[in-house]
Amino acid sequence: MREHELKHFEDILKERRVQIKKNIEDSMREIEDLKDTDVGDEADHASVSTDRMIEQAISAQQMKELNEIEFAINKIRNGSYGICEMCEEEIGFQRLKVKPHARYCIVCREIIEKSAKNK
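A quick note: this is a predicted structure, and the numbers were derived from the prediction, not measured.

Things to note about the packing of aromatic side chains
For step 1, the next point in the chain: Within this structure, the stated rule accounts for 2 aromatic pairs.
For step 2, the next point in the chain: On the basis of an interplanar angle of 45 degrees and a centroid distance of 5.8 Å, the ring pair of Phe-9 and Tyr-81 is categorised as tilted. On the criterion of sequence distance, the pair formed by Phe-9 in helix α1 (residues 3–35) and Tyr-81 in the loop between α2 (42–78) and α3 (93–98) is long-range, its members being 72 residues apart. The same class applies to Phe-9 and to Tyr-81, which are both buried.
For step 3, the next point in the chain: Seen from the ring of Phe-71, Arg-103 lies directly overhead, with NZ or CZ sitting 4.2 Å from the centre.

Side note on the side chain of Glu-65
For step 1, the next point in the chain: One can find Glu-65 in helix α2.
For step 2, the next point in the chain: Not counting the four nearest positions on each side in its chain, Glu-65 is found in contact with Arg-16, Ile-20 and His-101.

Here we look at a nonpolar patch on the surface
For step 1, the next point in the chain: On the surface, Met-86, Ile-106, Val-107 and Ile-111 cluster together into a nonpolar patch covering about 360 Å² of accessible area.
For step 2, the next point in the chain: Position of Met-86 among the secondary structure elements: in the loop between α2 and α3.

Conventions and cut-offs
Residue positions within a chain follow its written sequence, with the count starting from 1. The model is predicted, so local features are restricted to residues of pLDDT at least 70 and side-chain atom pairs to those at 80 or more, both for listing and for counting; the totals for chains, interfaces and linings are taken over all residues. Water and hydrogen atoms were dropped before computing side-chain values, which therefore reflect all heavy atoms in the structure. Here a pair means two rings of Phe, Tyr or Trp (six-membered ring of Trp) with centres within 6.5 Å. Their orientation is stacked below 30 degrees between planes, edge-to-face above 60, and tilted elsewhere. Runs of E in the DSSP output that reach at least two residues are strands. Runs of H or I that reach at least four are helices, and both are numbered from the N terminus. Each residue's exposure class comes from its accessible area (1.4 Å probe, protein chains only) as a fraction of the maximum for that residue type: buried when under 20%, exposed when over 50%, partly exposed otherwise. Should the NZ of a Lys or the CZ of an Arg lie within 6 Å of a ring centre and within 35 degrees of the ring normal, that charge is described as sitting over the ring. Residues are treated as being in contact if the distance between any of their heavy atoms lies within 4.5 Å. Each patch is built from salt-bridge-free residues with over 30% relative accessible area, joining like charges within 9 Å and nonpolar side chains (Val, Leu, Ile, Met, Phe, Trp, Tyr) within 5 Å. Per-residue accessibility takes into account occlusion by the displayed protein chains alone, with areas from the Shrake-Rupley method and a 1.4 Å probe. Salt bridge, as used here, is a side-chain nitrogen of Lys or Arg placed within 4 Å of a carboxyl oxygen of Asp or Glu.

Encoded structure:
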């Protein structure tokens, strides 16, 4: 991969990292606000509880993506970015455009998904 392409993906990953960190902070603030909410009846309590679970699930997913982004940035730095971790072939440019923190080429990703379904 060319240097300017690596820089392009690094910029995208860093921008996404900033956005995710902001989302996580906002979500944590929302969870704290929900803890402080006065609940009047069981329906209110259930609603607040559901909202809290949704916010926590979103935060967990965002943390997972943040970790994947950090991993991809480190791969750019060590020169292994864009290489499939399974077959060691280059990950297609179009796949990286869609998912810049992809760790597998599309063929290997499908293999991993199929094997996960069969477990």
